[in-house]
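# What the coordinates show
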Amino acid sequence: MAISNDIYVTSPLLPPLSEFYPYLEEIWKNKQLTNNGPFHRQLELSLADYLGCKHISLFSNGTLALLCAIRALVISGEVITTPYSFVATSHSLSWSGLKPVFVDIDPVTGNLDPDKIEQAITPQTTAILTVHCYGIPADVEKIDALATKHGLKAIYDAAHAFDVTREGNSILQHGDLSILSFHATKVLNTVEGGAIICPDLETKSHIDRLKNFGFSSETTVDAVGINAKMNELQAAFGLLQLKHIDHALLQRKECYQRYRQAFCHLAGSKIIQPDAHVSWNYAYFPLFIGPDLNCSRDEIYTALKTRG
């Protein structure tokens, strides 16, 4: 039986169903279900405005966005990446015929340790793919500088990092490309979905072609593409989510604070959090369990799950 006071960190944001009906009626009215429909175009513009980014290309999921980012940047050989991420990060490299080269993480942030990257670079290295783990910004200045120094591409898997800023600036505008996920567990979701943050219109146009079979016009295919488009139902749901996102972020912060209050005095554990210059989205509550605690990580996990 469900416990009445459950406090789930990643419970999906579901706005009132009644507010979704007008979007569905509009889709039924115009009969356009996919292929750059009006809701798709509107969501790209609205997200770019909300996130303070120049251009956004929407995808049916974040993994396909990552695959297309790799293809768009013509990456080959070896890619330095983090071993501490959801499997989609390294799987995208392997699916693209690339060799993931794992570099250890910084135990304070959980992110790729920039001080260990350079020693892993070889003549076959062409890119760095790192993650803003739990939405906590990676050391983008050091990573971008290393990429520039060695002539490497830099991709940021920002699946966790919707609306995260540092000193007032979006962390999505670093490197060559950044990727967002709009999976059901993310801060803003389109049930499934993703996006690539593009630095200019030319890059966006190229990526838009890649995600739509390589079509540059109704009759011309000028690139080897894939079908990774976001459909109109997903886009409409995203627009509705965007109307509620500010309240949802406040709720997540309150939930985080409840967890922090409960765990801040637990000896042998460490709460991972960003520094004071970061405006965070509170998407997760990362808690590292050390060897000095009198119970294991898995025992704590089971106890928490039992209690809801």
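Bringing the side chain of D113 into the picture now. Within the secondary structure, D113 is located in the loop between strand 3 (99-102) and strand 4 (125-131). Summary of buried charges: D113 has no salt-bridge partner, and the nearest side chain of opposite charge, K116, is 4.0 Å away.

Attention now moves to a nonpolar patch on the surface. There is a patch of nonpolar side chains on the surface, built from W28, L33 and L233 and spanning about 340 Å² of accessible area. Structurally, L233 is set in helix 7 (residues 232-263). Residue L233 is classed as partly exposed on the basis of its relative accessible area, which comes to 33%.

In this structure the tally under the stated criterion is ten salt bridges. Among the salt bridges present, the one from E118 reaches K149, with a minimum N-O distance of 2.8 Å. Here K149 lies in helix 5 (residues 140-150) and E118 lies in the loop between strand 3 and strand 4, a separation of 31 residues in the sequence. A relative accessible area of 58% places K149 in the exposed class. By sharing partners, the salt bridges in this structure join E44, K204, D208 and K211 into a single network.

Our focus in this paragraph is unusual backbone geometry. Backbone geometry places D163, a non-glycine residue, at a positive phi of 65 degrees. By the element assignment, D163 lies in the loop between strand 5 (153-157) and strand 6 (165-166). You will see that V191, though not glycine, has its phi angle at about 75 degrees, which is positive. Along the chain, the position of V191 falls in the loop between strand 8 (177-181) and strand 9 (194-198).

What follows covers the packing of aromatic side chains. Tallying each qualifying case throughout the model produces 14 aromatic pairs. Here the aromatic rings of F162 and F182 are separated by 6.5 Å at their centres, their planes lie at 75 degrees, and the arrangement is edge-to-face. Here F162 is found in the loop between strand 5 and strand 6, whereas its partner F182 is found in the loop between strand 8 and strand 9, with 20 residues between them in sequence. The exposure class assigned to F162 is buried, which follows from its relative accessible area of 3%. Taken together, the aromatic side chains of Y256, Y259, F263, W280, Y282 and F285 make up a single cluster linked through ring pairs. Its end group placed over the ring of F59, K211 keeps NZ or CZ at 5.3 Å from the ring centre.

Definitions and cut-offs
- Residues numbered from 1 in each chain as written.
- Predicted model: local features only at pLDDT ≥ 70, side-chain atom pairs only at ≥ 80, totals over all residues.
- Heavy atoms only, no water.
- Helix = DSSP H or I, 4+ residues; strand = E, 2+ residues; numbered from the N terminus.
- Buried < 20%, exposed > 50% of the residue type's maximum accessible area, 1.4 Å probe, protein only.
- Lys, Arg positive; Asp, Glu negative; His and termini not counted.
- Salt bridge = Lys/Arg side-chain N within 4 Å of Asp/Glu carboxyl O.
- Patch = residues over 30% accessible without salt bridge, like charges linked within 9 Å, V, L, I, M, F, W, Y side chains within 5 Å.
- Areas by Shrake-Rupley, 256 points an atom, 1.4 Å probe, with all protein chains shown as cover.
- Phe/Tyr/Trp six-rings, centres within 6.5 Å; stacked < 30°, edge-to-face > 60°.
- Lys NZ or Arg CZ within 6 Å of the ring centre and 35° of its normal.

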